[in-house]
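Okay, here's what each chain looks like letter by letter:
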Amino acid sequence: MTTQYNNPVSFSYRDGLFMPFMYKGHQVVVHNASWSFKEKVWVDDELVINQNGFAMSSTHEIVVEGDTLALTFGSRNKLKEVFLEVRCGEKVVYEVSEALSNGMNARELTAVMIGSGVAGLVVGYLAASFFGGA
C-alpha cells in the first residue's frame, strides 16, 4: 500500500473501490474489490480487515487510537454512487460519497449479469469437454 493519496475516492471496475481517510493522525484505507468480493481495510499500512463480502454495502469495526470505528461502505443507487461513512459511537467522524460517471442502469446491470453467467457456462462446458472428456 502506498501512503499518498491525491483523490479521496478512486473506483474502477478492474481495481475496485479505494477510499482513504485520516483519523487522529492515522491513515485508514478502505478497499472493496470489484471481482473477488474481497473487503480490505488497512490502518497505517497494516491489513486489519480481509474478508469476503457479497452485499452492496458492508459494515466493519476497527480500533484506532483506542476508539472503535464502524466503517460502512459500498455502492448505492444502482451502482451509480459509492460511499463511506465512519462512526465513532453515534457520531459521524468521516463521510464521503461520490457519483460514478460510469454507473450502470438496471437494464445494463441485468445484461452484464446474464452475459457473465452464460459466458461462465460456456467456459465451464468447454473446459470439462477438453480436460474431462473420455
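Each residue is numbered by its place in its chain's sequence as written, counting from 1. With pLDDT at 70 or above as the cut-off, local features in this predicted model cover only qualifying residues; side-chain atom pairs require 80 or more to be listed or tallied, and sums for whole chains, interfaces and linings still use all residues. Values reported for side chains reflect all heavy atoms of the structure, with hydrogen atoms and water molecules removed beforehand.

*Asks:* Help me out: how do you make sense of the nonpolar core in this one?
*Replies:* We define a nonpolar core as any set of buried Ala, Val, Leu, Ile, Met, Phe, Trp, Tyr and Cys residues linked to one another through side-chain atoms lying within 4.5 Å. In this scheme, a residue with accessible area under 20% of its type's maximum is buried, one over 50% is exposed, and one in between is partly exposed, where area comes from a 1.4 Å probe on protein chains only. Membership of the largest hydrophobic core comes to 20 residues, with the highest contact counts inside it found for Met19, Phe21, Val28, Val30, Ile62, Leu71 and Leu84. Numbering of helices and strands runs from the N terminus; a helix is a DSSP stretch of H or I covering at least four residues, while a strand is a stretch of E covering at least two. Among the elements of the structure, β2 (16-23), β3 (26-32), β4 (38-43), β6 (57-64), β7 (67-76) and β8 (81-88) are those that each provide at least two residues to this core. Sort the elements by how many residues they give to this core and β2 lands first, with 4 residues. A contact between two residues is defined here by any heavy atoms of the two lying within 4.5 Å. Not counting the four nearest positions on each side in its chain, Ile62 is found in contact with Val28, Val41, Val43, Val48, Ile49, Asp67, Thr68, Leu69 and Leu71.

*Asks:* Help me out: how do you make sense of the environment of Trp35 in this one?
*Replies:* In this structure, Trp35 sits in the loop between β3 and β4. Expressed as a C-alpha distance, the spacing of Trp35 and Gly16, which sit 19 residues apart in the sequence, is 7.7 Å.

*Asks:* Got a minute to help me understand the packing of aromatic side chains in this structure?
*Replies:* Note on aromatic pairs: each is described by the distance of the centres and the angle between the planes. Only Phe, Tyr and Trp rings take part, Trp by its six-membered ring, and two of them pair if their centres are within 6.5 Å. Stacked means planes under 30 degrees apart, edge-to-face means over 60, and tilted covers everything else. Going through the model one piece at a time under the given rule, you end up with 2 aromatic pairs. With centroids separated by 4.9 Å and ring planes inclined at 15°, the aromatic side chains of Phe21 and Tyr94 adopt a geometry described as stacked. Of the two residues, Phe21 sits in strand β2 while Tyr94 sits in strand β9 (residues 91-99), which places them 73 residues apart along the sequence. Judged by centre distance (4.8 Å) and plane angle (85°), the rings of Phe130 and Phe131 are edge-to-face.

*Asks:* How should I be thinking about the pattern of salt bridges in this particular structure?
*Replies:* Close approach of charged atoms lets side chains of opposite charge pair. Each salt bridge in this description consists of a side-chain nitrogen of Lys or Arg and a carboxyl oxygen of Asp or Glu lying within 4 Å of one another. Under the definition given, this model contains 2 salt bridges. Of the charged contacts, one joins Lys24 and Asp67 as a salt bridge, the two residues approaching to 2.7 Å between their closest N and O atoms. With Lys24 in the loop between β2 and β3 and Asp67 in strand β7, this residue pair connects regions lying 43 residues apart in the sequence. Asp67 sits in the buried class, given a relative accessible area of 17%. For Glu85, the salt bridge goes to Arg87, with nearest N and O atoms at 2.9 Å. On the basis of relative accessibility, which here comes to 28%, the residue Arg87 falls in the partly exposed class.

*Asks:* What's the story with unusual backbone geometry in this structure? I'm lost.
*Replies:* Most peptide bonds take the trans configuration, and most residues that are not glycine carry a negative phi. A positive phi is found at Asp44, a non-glycine position, where the angle reads about 50°. Residue classification places Asp44 among the partly exposed positions, given a relative accessible area of 39%. A positive phi angle, near 70°, is found at Asp45, a position not held by glycine. You can see Asp45 is positioned in the loop between β4 and β5 (46-52).

*Asks:* I tried to follow the sheet that holds β3 on my own but got confused; where do I start?
*Replies:* Strand order in the open sheet formed by 5 strands is β1-β2-β3-β4-β5, and the pairing between neighbours is antiparallel. Sheet topology places β1 (10-12) and β5 at the edges, where each strand pairs with a single neighbour. If you compare each strand with its neighbour and ignore which way they point, the axes differ by 10° on average. Pairing between strands is defined by DSSP: at least two bridges between the two strands are required. The pairing of β3 with β4 spans 5 bridges and is antiparallel. Paired with Val30 across the bridge in β4 is Val41. Orientation is described by axes fitted as lines to C-alpha atoms, over the contacting stretch for helices, and by angles from 0 to 180 degrees between their N-to-C directions.

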